[in-house]
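Listed below are the residues making up each chain.
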Amino acid sequence: MAKKGILLVNLGSPKSTDVKDVKEYLDEFLMDEKVIDYRWIFRALLVRGIILNTRPAKSAEAYKTVWTDEGSPLVVITEKIQKKLQKLVDVPVEIGMRYAQPSIEAGIQKLVDQGVSDIVLFPLYPQYAMSTTETVIEKAEEVRKKKFPTVKINYIQPFYDREIYINCLADSIREKLPENFDALQFSYHGVPERHIYKTDPSNTCKIDDANCINSKIEAHNARCYRHQCYKTTESVIAKMGLPKEKTIVSFQSRLGKDKWIEPYTDETLETIPKKGIKNLAVVCPAFVSDCLETLEEISVEGKEQFMHGGGENFHYIPCLNDEDRWIDVVKTLCEEKLNEFYFV
């Protein structure tokens, strides 16, 4: 019987906070056609002609504010998840990053070196997006076909609405939520509107239509990032018993001048104090591991925006990171896919 293994895949991070390392990372990240989906020449002009001449130094300073003695928070946390999961399963577990190191290829190679030929690959993103799940699967398949043609890979699908995940997330938020809060804001990573249309095989999506959120069209829902974010929020607040009027959904981290899905997190943080929301809690359920976008963009910059707008108390709720309950969810989802190999 073929030997099985697990590969946990996260976004990635620069190998250090040096500007040259950050520039190298941003080049690989932003030149991915699934992230900036322009034709190569226009993508290169934008990224290498403009962004990489200004952004790396600013990003390097931001990374310095979140870097730990062990390294990048995202990579360190992913390693902790790997180590905890390894204690719970009887197959090898390795990690890979979509960008930078350790790469997806390096992760597969480590498993192959241990005799593994059947791999469960887990993209650590709850919701599906072209710039997350899709690019991970595409890259893994490219590597597999080129370097490991005899290896089989089972991919764990987005788990944004799985009950075990919703229970886990709701419990985690509930424990960290302050007693007195006016609103709980769910801030998801944003994507350009055109990504939503490009990934919709049903061709039914209308971003300005509330029916998108409540869609019953399976083909649409399976690939609609916006729908999945709202579904996660809806499921979590129902589990927590929170009134909908005490919750906010927004989207962060937009880049460039293109239209991204709204409402924008930064604009929301600046305006809601004027609507009477003075005590705010914020959670970022597009991420399972804390990283630059949560620890600096939300916990630091977001707090400044909220307080500048007239807010009084800002509370950032950490990601699931390496909480034991989250490791149990990872184990369950991985074991489901491991068992499927018996029936292939």
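Here, every reference points to the structure presented above.
Residues numbered from 1 in each chain as written. Predicted model: local features only at pLDDT ≥ 70, side-chain atom pairs only at ≥ 80, totals over all residues. Heavy atoms only, no water.

Draft legend 1. Fine view of the overall build of the chain. The secondary structure content of the chain amounts to 13 helices and 8 strands. Computed over its C-alpha atoms, the radius of gyration of the chain comes to 20 Å, within 12% of the 20 Å expected for a compact globule of 344 residues. Reported as C-alpha extents along the three principal axes, the dimensions of the chain are approximately 60 × 45 × 45 Å. Put simply, 75% of the contacts in the chain that link residues at least 6 apart link residues at least 24 apart. Surface summary for the chain: the accessible area is close to 16,000 Å², and the carbon and sulfur share equals 50%. Charged side chains in the chain number 47 positive and 53 negative. The centres of these two groups are separated by 3 Å. (Helix = DSSP H or I, 4+ residues; strand = E, 2+ residues; numbered from the N terminus. Rg over C-alpha atoms; globule rule 2.2 N^0.38 Å. Contact = heavy atoms within 4.5 Å. Areas by Shrake-Rupley, 256 points an atom, 1.4 Å probe, with all protein chains shown as cover. Lys, Arg positive; Asp, Glu negative; His and termini not counted. Charge placed at Lys NZ, Arg CZ, Asp CG, Glu CD.)

Draft legend 2. Representation of the sheet that holds strand E4 (residues 152-155) within the structure. The strand order E2-E1-E3-E4 describes an open sheet built from 4 strands, whose pairing is parallel. Two strands in the sheet have a free side with no partner beyond their single neighbour: strand E2 (93-99) and E4. With strand direction ignored, the average angle separating the axes of adjacent strands in the sheet is 30 degrees. Relative to E4, strand E3 (residues 116-123) runs parallel, the two sharing 4 bridges. Following the sheet pairing, aspartate 118 is matched in E4 by lysine 152. The strands touched by helix H1 (residues 19-30) are strand E1 (3-12) and E2; relative to E2, the strand with the most contacts, the crossing angle is about 85 degrees. Across the face of the sheet, helix H5 (residues 130-147) comes into contact with E1, E2, E3 and E4 while running at roughly 175 degrees to E4. (Pairing = 2+ DSSP bridges. Axes fitted to C-alpha atoms, helices over the stretch in contact; angles between N-to-C directions.)

Draft legend 3. The pattern of salt bridges, seen in detail. All told, the structure shown has 26 salt bridges when counted by the stated rule. For lysine 64, the salt bridge identified is with glutamate 61, shortest N-O distance 3.2 Å. One end of the pair is lysine 64 and the other is glutamate 61, both in helix H2 (residues 40-66) and 3 residues apart, which spans about a single turn. The exposure class assigned to lysine 64 is partly exposed, which follows from its relative accessible area of 46%. Overall, glutamate 61 belongs to the partly exposed group, its relative accessible area being 46%. A salt bridge links glutamate 193 to lysine 259; its shortest N-O distance comes to 3.4 Å. Here the residue glutamate 193 occupies a position in helix H7 (residues 193-198), and lysine 259 occupies one in the loop between strand E6 (247-252) and helix H10 (265-271), the gap between them amounting to 66 residues. On the accessibility criterion, lysine 259 (43% relative accessible area) is partly exposed. (Salt bridge = Lys/Arg side-chain N within 4 Å of Asp/Glu carboxyl O. Buried < 20%, exposed > 50% of the residue type's maximum accessible area, 1.4 Å probe, protein only.)

Draft legend 4. Here's a closer look at the side chain of serine 131. Note on placement: serine 131 falls in helix H5. Every residue in contact with serine 131, bar those within four places of it in the chain, is listed here: Lys34, Val35, Tyr99 and Val191.

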